[in-house]
Amino acid sequence: MRLVTLGDIHSAAETIAGTALRTQLVPCAWGDADRPLWLKPENLQPIGAFKIRGARNAIRPEMPGVVAYSSGNHGQAVAYVARQLGIPAIVVVPDTTPEVKIAGMQNLGADVIVVAPAERVSRAEEIAAEHGYPLIPPFDHPDIIAGQGTVGLEIAEDLPDVDVVLVPISGGGLISGVGTAIRALAPRAKVIGVEPALAADARESLAAGRVVSWPIEQTQQTIADGLRSPRLSELTFAHIHQVVDAIVTVTEEEIGAAVGVLARSSHLVAEPSGAVTTAAYLYHREELPLGRTVAVLSGGNINPALLAALV
């Protein structure tokens, strides 16, 4: 199995320029003295999440159209890029997707199809075959991983002496790319994944040395709707096995509290999936190394009522 390289990530950076923003690290005055904290605010991307990077790197102008399955942010990214390139997009989402994300996809011109969580992949595959459109997966593709890896490229360029990089995990595309870039450019740094305790299949997989699937009914219970994937892919697991030092899990209460801290202390809107890294920093100090820390804030697409309740 060929893994993504630093060269792939540099190429992706050229491809996505003009579509994805180069987000700047935000220092946090409220961080601890022995582990100063910077946030990587991917919530500031045009579609409110890092997913725009991988989508732009995977979608080609010559494609007749695209199909995707998504929990919300990947679908918005695919819709945005497809509109930019002038091609149609169809996105299949589970019926647990927040309305703010469905509305975002529709406003970007995508045809959104809502199904039961267990049916989103199979339905997307059927639609892709019916239309003759390529399927753009949310994480299980080298182009997606390389695109997401540009997050790590920017971190290493902006903070070369970084000691710890905290990255959310769902299907594993983001941490696969970020870990690859950090290993190559800041090899001293520890790459730590963070996922909800209610959807901790990646942590179990890393411990077991193989991909472990969790029941989708279990992972759907977390408030972090973008991190509900019940399993890694073989491709993302291969990357994680090579470039990730550890995985920390956080509780639902910790995730919600972190959303509030980010809003009040850093004036940044984070969805629960994006706040898990801050939750790990705040509430799992004993599991993390000391030193200069970057927490990837992966997205900020949160229903207003939920944001108000958590803040």
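The shown structure was predicted, so the numbers you read here are calculated from the model rather than taken from an experiment.

Enquirer: Explanation requested: the overall build of the protein chain in the structure shown.
Expert: Within the protein chain, the regular secondary structure consists of 13 helices and nine strands. Relative to the 2.2 N^0.38 estimate, which gives 19 Å for 311 residues, the radius of gyration of the protein chain is 18 Å and therefore close to what a compact globule would have. Per-residue burial over the protein chain gives 59% buried out of 311 residues. If you take every contact in the protein chain between residues at least 6 apart in sequence, the share linking residues at least 24 apart comes to 73%.

Enquirer: Would you mind going over helix 3 (residues 73–85) with me for this structure?
Expert: Residue pairs three or four apart in sequence face the same way in an α-helix, which turns once every 3.6 residues. The end-to-end C-alpha distance of helix 3 is 18 Å, a good match for the 18 Å that 13 residues give at a rise of 1.5 Å each. Turning to helix 3, its buried residues number three or more, namely Asn73, His74, Gly75, Gln76, Ala77, Val78, Ala79, Tyr80, Val81 and Ala82. Of the surrounding secondary structure, the elements contacted by the buried residues of helix 3 are helix 2 (51–58), strand 3 (66–69), strand 4 (89–94), helix 4 (99–107) and helix 6 (142–158). Gly86 occupies a position one or two residues after helix 3 and carries a positive phi of about 75 degrees.

Enquirer: Which parts of the structure should I look at to understand the environment of Lys101?
Expert: Tracing the chain through its elements places Lys101 in helix 4. When the C-alpha positions of Lys101 and Ile302 are compared, they lie 8.0 Å apart, and in sequence the two are 201 residues distant. Ignoring any residue separated from it by four or fewer positions in sequence, one finds Lys101 in contact with Ser71, Gly72, Asn73, Gln76, Asp225, Gly226, Glu271 and Asn301. A polar atom in the side chain of Lys101 sits 2.6 Å from the side chain of Asp225.

Enquirer: Help me understand the environment of Leu185 in this model?
Expert: Looking at the secondary structure, you find Leu185 in helix 7 (residues 173–185). Judged by its relative accessible area of 37%, Leu185 falls in the partly exposed class. With 120 residues separating them in the primary sequence, Leu185 and Ala305 have C-alpha atoms 41 Å apart. Each residue touching Leu185, except ones within four places of it in the same chain, is listed here: Leu6, Leu153 and Ala156.

Parameters and conventions
- Residues numbered from 1 in each chain as written.
- Predicted model: local features only at pLDDT ≥ 70, side-chain atom pairs only at ≥ 80, totals over all residues.
- Heavy atoms only, no water.
- Helix = DSSP H or I, 4+ residues; strand = E, 2+ residues; numbered from the N terminus.
- Rg over C-alpha atoms; globule rule 2.2 N^0.38 Å.
- Buried < 20%, exposed > 50% of the residue type's maximum accessible area, 1.4 Å probe, protein only.
- Contact = heavy atoms within 4.5 Å.
- Expected span 1.5 Å × (residues − 1).
- Polar contact = N/O pair within 3.5 Å; in protein donor to acceptor, adjacent residues only side chain to side chain.

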